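Each chain, written out:
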Amino acid sequence: MDALTENWDLVLDGFVKTLQLLVGAGALALVIGTLVALFRVSPVPVLRGTGTVYVTIFRNSPLLVLLLITYYGLPQLGINPSFYWKVVLAMGLYTGAFVAESLRSGINGIPLGQAEASRSLGFTFGQTMTQVVLPQSFRNVVPPLASVFIALTKNTSLASSFGVAEATFRMKGLNNDYATERVVIFLGIALGYVIIVEAISFGAAMLERRWRAER
Amino acid sequence: MKIRRTKIAVIAAAAALALAGCGDAGDDDGGDGDGGSGGGFSPEVVSDASFDDGTRTAEIADAGTVKIGVKFDQPGIGFKSATSDTPEGFDPNMGKILAAKLGIEPDKIEWVETISDNREPFLQNSTVDFVIASYSITDERRQVVGQAGPYYVTGQQLLVAADDDSINGPDDLSGKKVCSVTGSTSIKTVEEEYGATPAGFDTYSECVEQLQSGSVDAVTTDGAILAGYAAEDPDNLKVVGEPFSEERYGIGYNKDAAGMCEFINETLEGAFEDGEWEAAFDDSLGKGGIDLPETPTPDPCP
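A brief look at the structure comes next. (Residues numbered from 1 in each chain as written. Chains lettered and ligands numbered in written order. Predicted model: local features only at pLDDT ≥ 70, side-chain atom pairs only at ≥ 80, totals over all residues. Heavy atoms only, no water.)

Secondary structure assignment for chain A yields ten helices and zero strands. Listed N to C, the secondary structure of chain A is α-α-α-α-α-α-α-α-α-α in terms of helices and strands. With the principal axes as the frame, chain A shows a C-alpha extent of 70 × 50 × 20 Å. A burial count over chain A gives 49% of its 215 residues as buried. Considering only intrachain contacts with a sequence separation of at least 6, the fraction spanning at least 24 residues in chain A is 76%. Put simply, chain A has 16 plus and 12 minus side-chain charges, and the middle of one group is 15 Å from the middle of the other. (Helix = DSSP H or I, 4+ residues; strand = E, 2+ residues; numbered from the N terminus. Buried < 20%, exposed > 50% of the residue type's maximum accessible area, 1.4 Å probe, protein only. Contact = heavy atoms within 4.5 Å. Lys, Arg positive; Asp, Glu negative; His and termini not counted. Charge placed at Lys NZ, Arg CZ, Asp CG, Glu CD.)

Here it is in structure tokens:
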């Protein structure tokens, strides 16, 4: 147990960085995902095409490849943000594709009649989306979105090999110093991830309950 | 369906290309300064090797082949270029010396790439017989695996951009971004003792690339490794400061393997005396302009 108790400050600092990555990449993914989902259901063919291309590219590329492109491609173009922002960028773009598809399934789950009704009432496409369709679809997509963010939480561990001293980085460091306590270290760090994931699940359950009551 | 399958194939091909591109870049970095002509080192193979029954050394000698874990990404220490079948460097050379004493020709050695993270598991699971992978001897490690030696003593130093005058030693590192391999002792030392911001990557070559692109301020690890990189790109990189830690490279073996430590220590002492250790060094790190260190004294076996 020494490995974790003597280094709790490092482990805690690691998880703070994990959370920062999660929040940064998650926020970017939500913004991009919502935009792309709107593109994909929009009546304008160009936008629909753009959305489809985005999802095809970013959902199908391995996250590691996106990270490598961000780390070795961007600096060559003269763009060189800090490691944190590089990871946020790569993970946000990647996760955004999954968010978009989750949202799209939610939008498609709203009966077409609702959109037709609001259009016939004189709402624009934007108003139909923001006032009628999206609020309802968000309810439907809470469970799949929670899964997407849980996956993102675990994906952030890739940053340990990309210059960010997050939880998995700390785990590898401790493993190197405390060769006899590897199992304890693995379990301790895994527990940290479980706590984050459980918090996301809990938040999702709360949202589901609250929004169900409104229906 | 057909269309979709084609699409997937296209994307897969693109991804493969992207990956291949990255691989090539890395190899170019390492290939040149490594003195690609290496591999010339071949110690004299003992023809009548015999060991006591029941010892692990006897088993290996009988099998006629040995598995040795070495690094593949450290020029001068243990490096394998994409075009070469076998790794080259001081560590593989030490492996050849051990194998020779077991009566095994260099081409019967099975080289296994071993990264810092999997050295103990590889030994515990007997994935390899020896780990010779810039493997510093520590008390903690000796509780789970055997470490004989040292066969080389080096120290941690700093690699910085050639035009960087702000870092001249570890005391200048406070608040600087310093790169090393995730989980290594070096990265811990600069963070805990000198207040640097740690940046971990999988390999030293990635760290060097981050230094070249200006994303980190310095790269730290054992001086011997850094000297190899500086020698490859002297216009942009330089090693600064005196070594600020002592790393004693040992040869890892499975703790349950009877007689292993005695065998390794005898082999090392023999190699120190008959000049094979020096030849192994000259063939690898010596080519990179590093002076021959004094011969270390192996620790007594437990």
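On we go.
So, about the sheet that holds strand β10 (residues 218-222) of chain B. All names here are of chain B. Taking strand neighbours across the sheet as the criterion, the five strands line up as β9-β8-β10-β7-β11 in an open arrangement whose pairing is mixed. What marks the edges here is a single partner per strand, and that holds for β9 (197-201) and β11 (237-240). Neighbouring strand axes in the sheet, compared pairwise and without regard to direction, differ in orientation by 35° on average. Bridge count between strand β7 (residues 156-161) and β11: four bridges; the pairing is antiparallel. Bridging across to β11, Val-160 finds its partner in Lys-238. (Pairing = 2+ DSSP bridges. Axes fitted to C-alpha atoms, helices over the stretch in contact; angles between N-to-C directions.)

The next subject is the interface of chain B and chain A. Taken together, the 34 residues of chain B in the interface contact 27 residues of chain A. When chain B packs against chain A, the two sides together hide about 2500 Å² of surface, and 54% of this comes from carbon and sulfur. Connecting chain B to chain A are three salt bridges. The partner of B:Glu120 in a salt bridge is A:Arg182, and the shortest N-O contact between them spans 3.0 Å. Inspection of the chain B/chain A interface yields 15 residue pairs in polar contact (both at pLDDT 80 or more). In the side of chain B that touches chain A, the residues fall into eleven nonpolar, ten polar and 13 charged. (Buried area = accessible area lost by both parts, 1.4 Å probe. Salt bridge = Lys/Arg side-chain N within 4 Å of Asp/Glu carboxyl O. Polar contact = N/O pair within 3.5 Å; in protein donor to acceptor, adjacent residues only side chain to side chain. Nonpolar A, V, L, I, M, F, W, Y, C, P; charged D, E, K, R; others polar.)

Purely geometric stuff here, so don't read any function into it on its own.
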